[in-house]
Amino acid sequence: YYDAIADDVDVLLCHGPVKGYCDEGGGCETMLTHVGRVNPRLVVSGHVHSAHGVAEGKGRARGTTFVNAANARKGYSMGWDAVVIDI
């Protein structure tokens with residue numbers, strides 16, 4: 001199903017984070033490969049709640065902003081601030 005990601009995508013939404021970006025070591029290496037293939041401007045994920053944040057891509061992911069928009073803290077209590085990105 002990774003091949004279903006269009007080559008001209010600008011915003012990529014995925015459940016889990018991409019390896020190395022707001023992932024606390026639990027991101028997806030395969031998704032990183034596909035980010036390098038399609039070069040989206042923005043990748044938004046969640047799932048790893050404690051890795052909430054924003055990171056700028058490096059190397060093959062240069063030019064991509066990564067957001068982990070998970071909104072639950074440890075113990076699943078709400079509390080992270082919203083992430084606002086200007087594109």
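Up top is the structure.
Residues numbered from 1 in each chain as written. Predicted model: local features only at pLDDT ≥ 70, side-chain atom pairs only at ≥ 80, totals over all residues. Heavy atoms only, no water.

Engineer: Looking at this structure, how should I read the overall build of the protein chain?
Structural biologist: In terms of regular secondary structure, the protein chain is built from 1 helix and 4 strands. Tracing the protein chain from N to C terminus, the helices and strands come up as β-α-β-β-β. Its C-alpha atoms give the protein chain a radius of gyration of 12 Å, within 12% of the compact-globule value 12 Å for 87 residues. Principal-axis analysis of the C-alpha atoms places the extent of the protein chain at approximately 35 × 25 × 25 Å. Looking at the protein chain residue by residue over its 87 residues, the buried ones come to 39%. In the protein chain, of all internal contacts separated by at least 6 residues, the share reaching a separation of at least 24 is 56%. When the accessible surface of the protein chain is split by element, carbon and sulfur atoms take 52% of a total near 5,400 Å². (Helix = DSSP H or I, 4+ residues; strand = E, 2+ residues; numbered from the N terminus. Rg over C-alpha atoms; globule rule 2.2 N^0.38 Å. Buried < 20%, exposed > 50% of the residue type's maximum accessible area, 1.4 Å probe, protein only. Contact = heavy atoms within 4.5 Å. Areas by Shrake-Rupley, 256 points an atom, 1.4 Å probe, with all protein chains shown as cover.)

Engineer: Any chance you could explain the pattern of salt bridges here in plain terms?
Structural biologist: Close approach of charged atoms lets side chains of opposite charge pair. This model, assessed by the stated rule, comprises 2 salt bridges. Residue Glu-29 pairs with Arg-60 through a salt bridge whose shortest N-O separation is 2.9 Å. With a gap of 31 residues between them, Glu-29 in helix 1 (residues 29-38) and Arg-60 in the loop between strand 3 (53-56) and strand 4 (65-68) connect regions that are remote in the sequence. Overall, the relative accessible area of 45% leaves Arg-60 in the partly exposed class. (Salt bridge = Lys/Arg side-chain N within 4 Å of Asp/Glu carboxyl O.)

Engineer: Whenever I open this one, the sheet that holds strand 2 (residues 42-45) confuses me. Can you help?
Structural biologist: Think of a sheet as strands paired side by side through backbone hydrogen bonds, with each pair either parallel or antiparallel. Ordered by their spatial adjacency, 4 strands build an open sheet running 1-2-4-3, and the pairing between neighbours is mixed. Of all the strands in the sheet, the pair left with one neighbour each is strand 1 (11-13) and strand 3. Each adjacent strand pair in this sheet contributes to an overall mean axis angle of 15°, direction not counted. Pairing analysis gives 4 bridges linking strand 3 to strand 4, with the strands arranged antiparallel. Across the sheet, the residue bridging to Val-54 is Val-67, located in strand 4. (Pairing = 2+ DSSP bridges. Axes fitted to C-alpha atoms, helices over the stretch in contact; angles between N-to-C directions.)

Engineer: In this structure, what is going on with the nonpolar core? I would like to understand it.
Structural biologist: One broad rule of soluble globular proteins: the nonpolar side chains tend to lie buried together. Ranked by size, the top nonpolar core spans 14 residues in total, and within it Ile-5, Val-18, Met-31, Val-35, Val-43 and Phe-66 carry the most contacts. With 4 residues, helix 1 is the largest single contributor of residues to this core. (Core = buried A, V, L, I, M, F, W, Y, C linked by side-chain atoms within 4.5 Å.)

Engineer: Would you mind going over a nonpolar patch on the surface with me for this structure?
Structural biologist: Residues Val-11, Leu-13 and Ile-87 make up a contiguous nonpolar surface patch of about 320 Å² in total accessible area. Position of Ile-87 relative to the elements: it lies in the segment after strand 4. A relative accessible area of 63% means that Ile-87 is categorised as exposed. (Patch = residues over 30% accessible without salt bridge, like charges linked within 9 Å, V, L, I, M, F, W, Y side chains within 5 Å.)

Engineer: Help me understand the pairing of strand 4, please; the structure alone is not making it clear to me.
Structural biologist: Looking along a regular strand, one sees side chains alternate from face to face of the sheet. In strand 4, alternate side chains face the same way, and those of Thr-65 and Val-67 on one face and Phe-66 and Asn-68 on the other are all buried. Of the strand pairs in this sheet, strand 2 and strand 4 are connected by 4 bridges, and their pairing is parallel. The partner of Val-44 across the bridge, within strand 4, is Val-67.

Just geometry here; none of it tells us what the structure is for.
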